[in-house]
Every structure is written in structure tokens, then in C-alpha cells.
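Analysis of the macromolecular model
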Amino acid sequence: MTLRAGRDFLAIPGPTTVPDEVLRAMHRPAVDIYDGPLLDLTASLHRDIARVFSTKGHAYLYIANGHGAWEASLTNVLSRGDKILVLESGRFAVGWGEYARRLGVEVEILKGDIRRAVRPAEVEARLKSDKGGSIKAILVTQVDTASGVVNDIAAISQARRAAGHDALLMVDAVASLGCMPFEMDAWGVDLAMAGSQKGLMMPPGLGFVAANDRARHAHRTADLRTPYWDWTERESEGHYLKYAGTPPQHLLFGLRQALDLLFEEGMENAFRRHRLLAEATRRAVAVWSEGQALTFNISAPEERCDTVSVVLTPGFDAEALRTWCRENCGVIIGHGIGDLSGKAFRIAHMGHVNAPMLLGTIGVIEMALGAMGIPHGAAGVQEAIAWLGQQVGPTAGAMTATAKR
Ligand SMILES: *Cc1c(COP(=O)(O)O)cnc(C)c1O
């Protein structure tokens, strides 16, 4: 017996669902890469990626996934033997730091915990004790997709200021950009990076880096620079050089459409949509957790991010639940990764996601909990529906109208 038919429902934290408009925008003939409209498209994308990061700084577009953008970030501003501080709050900042170590950078990890956010006070204390200013950069993720945490980047930047330290602040925004506010300039972030396939509703394949003047100043003397990632090469006049070779033109067509969708909705409205769908998910999880078989990974409610909910499953096998959802209903939820492998599942609510998609996903999870006989508080989905209904209110289109004002 199966209820699976048609498209699978992808609720993993990347790659995420690609809107039909974006798929269609890529389905077209190839164009000239030396002349014509593609040159203007490149200019518009550099401008608009900087806009999404909220920076007046420079944006770079790479044919790469997030790992490539990690390497692009590190090699452009660091030198062999430099020391950096990695702020742990899950898995991804540590993974980025591991790349730095393999490039010849000395890496110190500020110990954190997979169940909580980075503590800005601990960052301040560590930077204050770095009397000689030997720490050249700080690496942190805004959202860690393994733990489901959101770090307070503004507060971490403020901690650096309070310590009177001038290390570059480098932020991984792969799992938050386009979904949650990111204010690169206002927060004092020097370098930020992301990939195309999460909040930006695109296939994997494009990596983005944004850099302010401080980062570009560090670039001048960085000796880890390599030809392919090098910002100086990519700031050349020639269009071909901006991609260090053939531009990924179909991905660029798709990205243009994805950004147009985001701007049409309004970034504030997109943030609000994510906040509401995330909170609806959390309300359902909170009810389910009354059965004591599952619980939130992130302990403090205000540290839970709006793009992925990570749920620990001490009372049952998370993989069995995932298999049930996939095989019976075609709903694909994320698995626990790193230390949480086999001990958690992850519900992504990131990018091109709306109320029926989210309610469908949590509806199937609740169905699985019941069918598999896993103890859980009943009617979690009902709770999510009631809360969302209250937020939207009685008037048709009320939310969109508010967002547009
Ligand atoms: C997905 C992810 C990455 C890695 O991106 P890839 O495109 O898979 O290389 C890095 N950081 C965070 C926070 C992520 O969620």
C-alpha cells in the first residue's frame, strides 16, 4: 500500500525545491558569451547578489557549491601560517575551518555545543586575550544546518568591537541567505558566502562570496590566492575572466529568475513567510515531544533558526521514520548528520516553500508517528494550523498587502 505518486516532496535542507519558473528560465538555447545580453545579465547578478547580502561591497559568482565558495573565501584573504578562530555551533563552521587547516592555516576552535548558539561573551573573552592580535579571521555560520541553530552575527561582531580586535569576520550564510535577515554592512561582516541551492531556490552549482573593503585590503597580500578563485582576476574587464572561463549561462538565467521571484515577493515578506512556517513547524514538534520520544535539538527556543528544524529522536530510530515517510508518501525529510547521524531528523522549511508544502510535510510526519506506534502528543499539526490561521487573520490577501506597504 502506498500513497506515493507524482512528484516527491523534498523537505531536506538543500538542495531545495526549484520553482517551475526557474526551471523554465533555464530551458532555452545557449547564447554568445562574449557579446550581447549575457554581459548585462552578469552585471545585474553581481549587483543583486550584493543586494541580497545587504552590502555595498563586491560580490563574486563562482561555478561551485558551498564548499567551493568556502575555499574561494579562505584563499582570497589568508596566507599560509595565519591563525584563525572558528566558532563552533554544529558542524559547518568546523568543516570550513578544516578546509583552512588543509590550506596551511593555523586553526583554533572556540569550543561550542551542537545544542546551542555561539556565546558572544566567550568570543569577546577569547579575542581580548589575543594581545598580539595574532588571530587574522573569525569563521562562523549564521545557520548551522546540522544543529538547526541561528547565531547572532550582529552580537558576535559587537563582541569583536568590544574586544578592540580587528580580525576579519567571515560568515557562512549558505542556509539562511534569502530566508532570514542578513545585514552584512550594518552588522560589520567583512566577508560572507553562500550557495545557490538552499534559500535561493536554485539547482546546486553557483557559489557566492561578498567582500567589503577590509576583506579586499587583506586580499592584496594574501598568499593563498590561486588562479581560479582569485578576486583580482575576476574583477578584470573581460566578461570571460569574471568566471575564469566559460560562464555557467543556464544557471545564470535561472538565478536571474530566482532573484526576480524573491524581489517580487519582497525580501521582508520572504523572511516573514519563513518565520511563520518555521514557527508552525516548531508548534507541531512541541506537541509531538509531549510523548517523550523526540525533542528539539536546540534547547533555547530563541536560538532555533527559521530554515530547518532539527529533531532528536531518543525514543526511536530516526532512519525508520524517514524511510516510512519516503516510501509511503514520497516525502523526503533530512537525516541527522555528524554527531546526530541516526539520532535525529531534519525538517527543512527553506526557499521555495509555502503553507500546503509545510503542512503536507508535517502532516505526513505525524501520520508516520501514529502508524509506527511512536509515543507523541496528538494533534501537533492541528496546533500548527490553528496558529498559522491566527497569524494570517480573516482577510484574504491581508499578509501580502501588509508586506507591500
Ligand atoms: C549546505 C551547507 C554548506 C555546504 O554547501 P555545499 O553546496 O553542499 O557544498 C556549507 N554551510 C552550510 C551552513 C550549509 O548548510
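Residues numbered from 1 in each chain as written. Predicted model: local features only at pLDDT ≥ 70, side-chain atom pairs only at ≥ 80, totals over all residues. Heavy atoms only, no water.

Some details on the overall build of the protein
Selection rule: Working definition: helices are DSSP H or I runs of at least four residues, strands are E runs of at least two. Numbering for both runs from the N terminus. The globule rule is 2.2 Å times the number of residues to the power 0.38, and the radius of gyration it is compared with is taken over C-alpha atoms. For the exposure calls, accessible area comes from a 1.4 Å probe over protein chains only, and a residue counts as buried if that area is under 20% of its type's maximum, exposed if over 50%, partly exposed in between. For this analysis, residues touch if any pair of their heavy atoms sits within 4.5 Å. Surface exposure here means Shrake-Rupley accessible area, sampled with a 1.4 Å probe, where a residue is shielded only by the protein chains that are shown.
A tally of helices and strands in the protein yields 15 helices and 14 strands. A compact globule built from 405 residues would reach a C-alpha radius of gyration of about 22 Å, and the protein, at 22 Å, matches this within 12%. Taking the principal axes of the C-alpha coordinates as reference, the protein spans close to 60 × 55 × 40 Å. For the protein, the proportion of its 405 residues judged to be buried stands at 57%. Taking all contacts inside the protein whose residues are at least 6 apart in sequence as the whole, residues at least 24 apart take part in 73%. For the protein, the exposed surface amounts to about 16700 Å²; the carbon and sulfur share of it is 53%.

Quick word on the pattern of salt bridges
The cut-off we apply is this: Salt bridge, as used here: a side-chain nitrogen of Lys or Arg that lies within 4 Å of a carboxyl oxygen of Asp or Glu.
One pass over the structure, following the stated rule, counts 24 salt bridges. Its salt-bridge partner being R216, residue E235 comes within 2.8 Å of it at the nearest N-O pair. Here the residue E235 occupies a position in the loop between α9 (231-234) and α10 (249-265), and R216 occupies one in helix α8 (residues 213-221), the gap between them amounting to 19 residues. Since its relative accessible area comes to 31%, E235 is described here as partly exposed. Between E265 and R273 there is a salt bridge, with the nearest N and O atoms lying 2.7 Å from each other.

So, unusual backbone geometry
The step from G14 to P15 runs through a cis peptide bond, and the omega angle for that step is -5°. Tracing the sequence through the fold places P15 in the loop between β1 (9-11) and α1 (20-26). Phi angles above zero are rare outside glycine, and Q292 is one such case at about 70°. With respect to the helices and strands, Q292 occurs in the loop between α11 (267-288) and β11 (295-296). Unusually for a residue other than glycine, A379 sits at a positive phi of about 65°. Looking at the element boundaries, A379 is found in the loop between α13 (355-371) and α14 (380-392). The exposure class of A379 is partly exposed, given its relative accessible area of 38%.

What about the site of the ligand?
As a reminder of what qualifies: The criterion for a residue being near a molecule or strand is simple. One of its heavy atoms has to lie within 4 Å of it. Distance and chemistry together define a polar contact, namely a pair of N or O atoms within 3.5 Å, with one atom able to donate a hydrogen and the other to accept it when in protein, and with adjacent residues in sequence counting only for side-chain atoms on both sides. For this classification, the nonpolar set comprises Ala, Val, Leu, Ile, Met, Phe, Trp, Tyr, Cys and Pro, the charged set comprises Asp, Glu, Lys and Arg, and every other residue, Gly included, is treated as polar.
Neighbouring the ligand are N65, G66, H67, W70, F92, V143, T145, D172, V174, A175, Q197 and K198. A distance of 2.6 Å separates an oxygen atom of the ligand from a polar side-chain atom of Q197. A total of 380 Å² of accessible area belongs to the ligand in isolation, and the protein chains cover 90% of it. With three residues, helix α3 (residues 66-77) is the single largest residue contributor to the shell around the ligand. Residues that form the shell around the ligand fall into these classes: five nonpolar, five polar and two charged.

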